[in-house]
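So you can see what is in the structure, the chains are spelled out below.
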Amino acid sequence: MKLLVTGGAGYIGAVVARRLRDEGHAILLIDDLSTGHRAAASGFELVVGDCGDRRLVGALMKEKRIEGVIHLAASALVSESVADPAKYYRNNLERSLALLGEMREAGVARLVLSSTAAVYGEPVALPIQEDHPTQPTNPYGETKLALERALRWMHAARGMDFVALRYFNAAGASADGALGEVHDPETHLVPNVLKAAAGGSPVPIYGTDYATPDGTAVRDYIHVEDIAEAHVLAVERLSRRGGALTVNLGNGAGFSVLQVIEAARRVTGRDLPTRPMPRRPGDPETLVASSALAGRELGWAPRTTDLDAIIETAWRFARTHPRGFED
Ligand SMILES: NC(=O)c1ccc[n+]([C@@H]2O[C@H](COP(=O)([O-])OP(=O)(O)OC[C@H]3O[C@@H](n4cnc5c(N)ncnc54)[C@H](O)[C@@H]3O)[C@@H](O)[C@H]2O)c1
């Protein structure tokens, strides 16, 4: 299929684009490079621009005969979304609705959406299933949920088939070590732990008094290549039978902050200084997904589930890219 990948120069988008191309799809990337990197898109046709720019996107859809959209472009920092909600409504909702409008104009009716565990908010039951209440605690989760809902209504109006993938915590790097996570600021635990291992400042541990076995928060780390595989299966499903599907993508197991740090010590063989900090407001104690529905509906199962194995891939990337991407 001829696919437009928005956010294709980002951490997850670059790995997804490569995996889809390996599967035989023709890929066009659009990215405004607000948090992405040109180097991550190397070897791909990249249009630098806003995925909500109707003129640009409308022309691309028609000229390039796009048949489906993989929509990863978004602002994705929870704390920033709390400080600047308007940015998140604009970038994650308004621009996405503009993209959907242009898809409609061009008769493109297949979309895979990068959604998030943040749509659930504070969990009331674990592991989290897709029918868990959705009560986001920040504008990031709220805008993703609003977009999911818009897609559902559009599907009901027979305008759009979609698969929304609710990723939990993406982690790791591509198996060949070429693509990995480079954000500034970096808010994710694994790259920050590895920065500390490489000689950076101590790793802050936000909250050491949670009711978890070791007192630190538990998250579900899902390898980026497993996320990419789910996109391949989602595209297959859309081309075979269309429909509307929303599924979690998680590892099936939760790991605490201290477990991640211990694993990073084992993998890197380095000492890892830590700094206990107060809890961050709105940070749930435990977030662990049930991915049973993705198994049933997409035939998906995570492959790299071992924490050390996930961190090994990220460490390989960190060592070969000490200054991130050179662009
Ligand atoms: N990283 C995670 O753990 C995680 C978890 C759940 C969901 N997600 C979602 O996955 C997607 C990718 O996340 P990521 O971690 O790779 O983040 P990222 O910041 O690395 O990638 C996002 C990409 O989108 C681009 N972008 C942003 N706004 C754009 C716009 N209006 N037009 C064109 N390009 C734009 C950025 O430049 C960047 O390359 C996001 O939608 C995010 O919400 C990520």
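Calculation rules
Residues numbered from 1 in each chain as written. Predicted model: local features only at pLDDT ≥ 70, side-chain atom pairs only at ≥ 80, totals over all residues. Heavy atoms only, no water. Helix = DSSP H or I, 4+ residues; strand = E, 2+ residues; numbered from the N terminus. Buried < 20%, exposed > 50% of the residue type's maximum accessible area, 1.4 Å probe, protein only. Contact = heavy atoms within 4.5 Å. Phe/Tyr/Trp six-rings, centres within 6.5 Å; stacked < 30°, edge-to-face > 60°. Lys NZ or Arg CZ within 6 Å of the ring centre and 35° of its normal. Axes fitted to C-alpha atoms, helices over the stretch in contact; angles between N-to-C directions. Parallel < 35°, antiparallel > 145°, perpendicular 65-115°, else oblique. Left-handed = near helix turned anticlockwise from the far one by under 90°. Nonpolar A, V, L, I, M, F, W, Y, C, P; charged D, E, K, R; others polar. Pairing = 2+ DSSP bridges.

**Quick word on the environment of Ser 256**
Tracing the backbone shows Ser 256 in strand 12 (residues 255–256). With relative accessibility at 3%, the residue Ser 256 sits in the buried group. In this structure the C-alpha to C-alpha distance between Ser 256 and Ala 217, which are 39 residues apart in sequence, comes to 5.4 Å. Setting aside its immediate chain neighbours within four residues, Ser 256 contacts Asp 214, Thr 216, Ala 217 and Val 218.

**Let's talk about unusual backbone geometry**
A cis amide bond links Leu 126 with the next residue in sequence, Pro 127, at an omega value of -10°. The topology assignment puts Pro 127 in the loop between strand 5 (110–116) and helix 5 (139–156). In the segment running from Asp 184 into Pro 185, the intervening peptide bond is cis, with an omega of 10°. With respect to the helices, strands and loops of the structure, Pro 185 is situated in the loop between strand 7 (169–171) and helix 6 (189–197). A positive phi is found at Leu 33, a non-glycine position, where the angle reads about 60°.

**Here we look at the packing of aromatic side chains**
Evaluation of the coordinates by the stated rule reveals three aromatic pairs. Over the ring of Phe 44 we find Arg 21; its NZ or CZ atom is 4.0 Å from the centre of that ring. Here Arg 279 stacks its cationic end above the ring of Tyr 210, 4.1 Å away from the centre of that ring.

**Here we look at the side chain of Ser 114**
Mapping Ser 114 onto the fold places it in strand 5. Owing to a relative accessible area of 5%, Ser 114 belongs among the buried residues under this scheme. If we skip the residues at most four places from it in the chain, Ser 114 touches His 71, Leu 72, Lys 144, Leu 165, Tyr 167 and His 231.

**Notes on the packing of helix 4 (residues 85–106) against helix 5**
Relative orientation of the contacting elements helix 4 and helix 5 amounts to 20°, with a least axis distance of 9 Å. With respect to their mutual orientation, helix 4 and helix 5 come out roughly parallel. Considering only the axes of helix 4 and helix 5, their crossing is right-handed. Every residue of helix 5 that contacts helix 4 at Pro 85, Tyr 88, Tyr 89, Asn 92, Leu 93, Ser 96, Leu 97 and Leu 100 is listed here: Pro 139, Tyr 140, Glu 142, Thr 143, Ala 146, Leu 147, Ala 150, Leu 151 and Met 154. Looking at the contact of helix 4 with helix 5 residue by residue, the class counts come to 13 nonpolar, three polar and one charged.

**A word on the sheet that holds strand 3 (residues 45–48)**
The seven strands are arranged 3-2-1-4-5-6-11 in an open sheet whose pairing can be described as parallel. With partners counted over all chains shown, the strands left at the sheet margins are strand 3 and strand 11 (244–249), one partner each. Strand-to-strand twist of the sheet, defined as the mean angle between neighbouring strand axes without regard to direction, takes the value 20°. As defined by bridge partners, strand 2 (residues 26–31) adjoins strand 3 across four bridges and the pair is classed as parallel. Residue pairing across strands places Ile 30 opposite Val 47, the latter belonging to strand 3. The strands that helix 1 (residues 11–22) touches are strand 1 (2–6), strand 2, strand 4 (68–71) and strand 6 (161–167); relative to strand 2, the one it contacts most, it runs at about 165°.

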